[in-house]
Amino acid sequence: MPYVHNTLERLRKSSPAQTEFYQAAEEVLECLRPLFERSPYYHDHSIIERIVEPERQIMFRVCWTDDAGRVRVNKGYRVQFNSALGPYKGGLRFHPSVTSGIIKFLGFEQIFKNALTGLPIGGGKGGSDFDPKGKSDAEIMRFCQSFMTELYRYIGPTTDVPAGDIGVGAREIGYLYGQYKRLTGRYEGVLTGKGLNWGGSIGRKEATGYGAVYFAQNMLEARGDSIKGKTCLVSGAGNVAIYTIEKLYEVGAKPVTCSDSRGTLHDPRGVDLALLKELKEVKRTSLEAYLEQHTEASYTPVDDYPTDGHAVWRIEGDVAFPCATQNELTEADAETLLGNGVTCISEGANMPSTAAAVDRFLAARIAYGPGKAANAGGVATSQLEMAQNSSMQQWPLQKVDARLKEIMANIYKQCADTAEEFGEPNNLVLGANIAGFRKVADAMIDQGAV
Ligand code: NDP
Ligand code: 2IT
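Residues numbered from 1 in each chain as written. Chains lettered and ligands numbered in written order. Predicted model: local features only at pLDDT ≥ 70, side-chain atom pairs only at ≥ 80, totals over all residues. Heavy atoms only, no water.

K.L.:
Describe the sheet that holds strand β2 (residues 71–82), naming the residues involved and giving the relevant values.
P.N.:
Read from one edge of the open sheet, five strands run β1-β2-β4-β3-β5, paired in mixed fashion. Taken across any chain shown, the strands that pair with only one partner, and hence form the sheet edges, are β1 (56–65) and β5 (160–163). Sheet twist, expressed as the mean angle between neighbouring strand axes with direction ignored, is 20°. (Pairing = 2+ DSSP bridges. Helix = DSSP H or I, 4+ residues; strand = E, 2+ residues; numbered from the N terminus. Axes fitted to C-alpha atoms, helices over the stretch in contact; angles between N-to-C directions.)

K.L.:
Residue-level account of the pairing of β5, with values.
P.N.:
Residues of β5 alternate between two faces, with Asp-160 and Pro-162 on one and Val-161 and Ala-163 on the opposite face, all of them buried. Bridge count for strand β3 (residues 88–94) against β5 is four bridges, and the pairing is parallel. Its bridge partner being in β5, Tyr-88 is matched across the sheet by Asp-160. (Buried < 20%, exposed > 50% of the residue type's maximum accessible area, 1.4 Å probe, protein only.)

K.L.:
Would you mind going over the site of ligand 1 in detail, with residue names and values included?
P.N.:
Near ligand 1, the surroundings consist of 25 residues, among which Lys-133, Asp-165, Thr-208, Ser-261 and Asn-350 are the closest. Measuring from an oxygen atom of ligand 1, one finds a backbone N or O atom of Ala-237 at 2.9 Å. Its free accessible area being 890 Å², ligand 1 has 83% of it covered by the protein chains. Where the shell around ligand 1 is concerned, the elements lending two or more residues are α8 (204–222) and α9 (239–250). Grouping the amino acids of the shell around ligand 1 by side-chain chemistry returns six nonpolar, 12 polar and seven charged. (Near = heavy atom within 4 Å. Polar contact = N/O pair within 3.5 Å; in protein donor to acceptor, adjacent residues only side chain to side chain. Areas by Shrake-Rupley, 256 points an atom, 1.4 Å probe, with all protein chains shown as cover. Nonpolar A, V, L, I, M, F, W, Y, C, P; charged D, E, K, R; others polar.)

K.L.:
Could you give an account of the side chain of Thr-192, with specific residues and numbers?
P.N.:
Turning to its location among the elements, Thr-192 is positioned in the loop between α7 (170–184) and α8. On the basis of relative accessible area, Thr-192 is assigned to the buried category, the value being 1%. A distance of 2.8 Å separates a polar atom in the side chain of Thr-192 from a polar atom in the side chain of Ser-382. Residue contacts for Thr-192: discarding those within four places in its chain leaves Lys-89, Val-161, Pro-162, Ala-163, Gly-164, Ile-173, Ser-382, Glu-385 and Met-386. (Contact = heavy atoms within 4.5 Å.)

K.L.:
Give a detailed account of the side chain of Ser-382, specifying residues and quantitative values.
P.N.:
For Ser-382, the location among the structural elements is in helix α14 (residues 376–390). Here Arg-204 takes part through its side chain, which lies 2.9 Å from a polar atom of the side chain of Ser-382.

K.L.:
Residues and numbers for the pattern of salt bridges, please.
P.N.:
Following the criterion strictly, the structure yields 29 salt bridges and no others. When the shortest N-O distance is used, the salt bridge between Asp-165 and Arg-93 registers 2.7 Å. Pair noted here: Asp-165 is in the loop between β5 and α7 and Arg-93 is in strand β3, with a separation of 72 residues, a long-range link. Between Arg-186 and Glu-188 there is a salt bridge, with the nearest N and O atoms lying 2.9 Å from each other. Salt bridges sharing common partners tie together Glu-9, Arg-12 and Glu-26. (Salt bridge = Lys/Arg side-chain N within 4 Å of Asp/Glu carboxyl O.)

K.L.:
Mind laying out the nonpolar core, listing which residues take part and the relevant values?
P.N.:
Counting 58 residues, the largest nonpolar core has Leu-32, Phe-108, Phe-361 and Phe-437 as its most contacted members. For this core, the elements supplying multiple residues, two or more each, are α1 (2–14), α2 (19–38), α4 (47–51), β2, α5 (100–116), α11 (331–339), α12 (355–364) and α16 (428–446). When residues of this core are assigned to their parent elements, the largest contribution, 10 residues, is made by α2. Residues in contact with Leu-32, not counting those within four places in the same chain, are Ile-48, Asn-433, Ile-434 and Phe-437. If you look at the next biggest cluster of nonpolar residues, it comprises 57 residues, including Tyr-210, Cys-232, Val-319 and Cys-344. (Core = buried A, V, L, I, M, F, W, Y, C linked by side-chain atoms within 4.5 Å.)

K.L.:
Lay out the site of ligand 2 with the relevant residues and their values.
P.N.:
Surveying the vicinity of ligand 2 reveals 14 residues, the closest of which are Lys-89, Lys-113, Lys-125, Arg-204 and Ser-382. Gln-110 places a side-chain nitrogen or oxygen 3.0 Å from an oxygen atom of ligand 2. Between ligand 2 and Ser-382, the relevant distance is 2.5 Å, taken from an oxygen atom to a side-chain nitrogen or oxygen of the residue. Relative to its unbound accessible area of 300 Å², ligand 2 is 94% covered by the protein chains. In terms of residue class, the shell around ligand 2 is made up of two nonpolar, seven polar and five charged.

K.L.:
Lay out the sheet that holds strand β13 (residues 367–369) with the relevant residues and their values.
P.N.:
A sheet is described by the order of its strands in space; here five strands give the open sequence β7-β6-β11-β12-β13, paired in parallel fashion. Where the open sheet ends on each side, the last strands, each with one partner, are β7 (254–255) and β13. Strand direction decides the pairing type here: strand β6 (residues 231–234) and β7, joined by two bridges, are parallel. Paired with Cys-232 across the strands is Pro-255, a residue of β7. Lying on the sheet, α8 is in contact with β11 (319–321), β12 (344–346) and β13; it crosses β12 at an angle near 150°.

K.L.:
Just give me the short version of the state of the cysteines, but keep the residues and values in it.
P.N.:
With the rule as written, the count across this model stands at zero disulfides. No disulfide involves Cys-232; its sulfur sits 8.4 Å from that of Cys-344, the nearest cysteine. We classify Cys-232 as buried; its relative accessible area is 0%. Lacking any disulfide linkage, Cys-415 is separated from the closest cysteine sulfur, that of Cys-31, by 11 Å. (Disulfide = S-S within 2.5 Å.)

See the structure below:
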């Protein structure tokens, strides 16, 4: 299939050093080969050449003043990747590791994830290399105001609707929203993940983590198994990890780990969720403080991690939920997990497993739910927030949660059915990529060469 190869080669040359973006693009395009064999007309419309090229990329300087009165500068990004199915939709990430390549990989993944939800949303992503750690509330506010002063002219409720991601939660969304309103004079659904008393959707905060657990339930039930009673490994200690852990308790499973950028916590009796929330949502401190209240738990600092992977995946469990960041689960980690008898992986984070780790999971034929399918509950509920905002309504929790369950079941079914259709039952990577791509590509063809 020379055009898959040629497109990847061209990307390598034209956008040097965007490693994570090639990783994401390669995975998707390689999966599409059997589709192109059956439906060569995608090639006639140059769909893959178009789909790997963002419709628009905005980069800007974010200048803000710290508490000492010093002027500080960060980079700001918004990649408006694909609007074939609806307004650009995707989060903002504030983390020192952010580069244009990271934002591009996240925006690329978002196109297919959003398509899988079945909702009318295109793909986009943005962020900054700003590090919220150690900053005062006033500094965070001034940064967010400056960021929005640049971004506001490119976004809107029917054009581009940002939300949270790493380092961007309810506090940041509040400051960003306040500045948008001040600049435009409009009170409208331009961001999702808003506070519940000013336009947010009930259940949005919990949706990504809950959705990742629902996805795991779908995968396990299709194999005649259940999540009940399973020992679960969770990485991360932020929004996605916390609400994955919360839902795991609700469905009768036992989450025994979590991790942050400094270390990994293992509590064999089950992670104390109330304490985790207090440490991370209220105090914004290190997980190490957990040990002060739970002597039965153990803590591994990052310096003691295995050289070829992450301490959290070396702990024994039945089901794993990577919920921190990209490439946090290596091939060696995958081997250890498989050796320890893990039967299911549901990715709360975006692209948390390296390409070699994914190959291991697929070869072992365990239940493996890739991020673009398993973590789509967050963006899906964001779209429910958009629907509530545009109709001036607020739905009750039961309605949002019922829709979320239904959407996750539907995503699972599409991935499984498409995998089956292409002769690789259980390969949900292939299923997710082909099913997501087909929707976007067909819409692009209908809308002409734009
Ligand atoms: P948060 O900022 O709330 O939490 C991120 C967690 O991961 C923190 O515990 C953080 O550690 C840890 N972490 C982040 N970066 C690194 C790193 N480079 N190395 C080690 N640990 C790291 O983010 P979210 O929970 O929102 O996001 C987690 C993942 O889920 C990301 O991949 C995101 O793209 C994805 N995602 C998020 C969605 C959402 O709705 N929020 C939706 C779909 C996917 P520390 O506490 O020390 O900072
Ligand atoms: O990666 C993601 O799907 C998100 N960070 C959520 C995006 C959104 O618009 O809610």
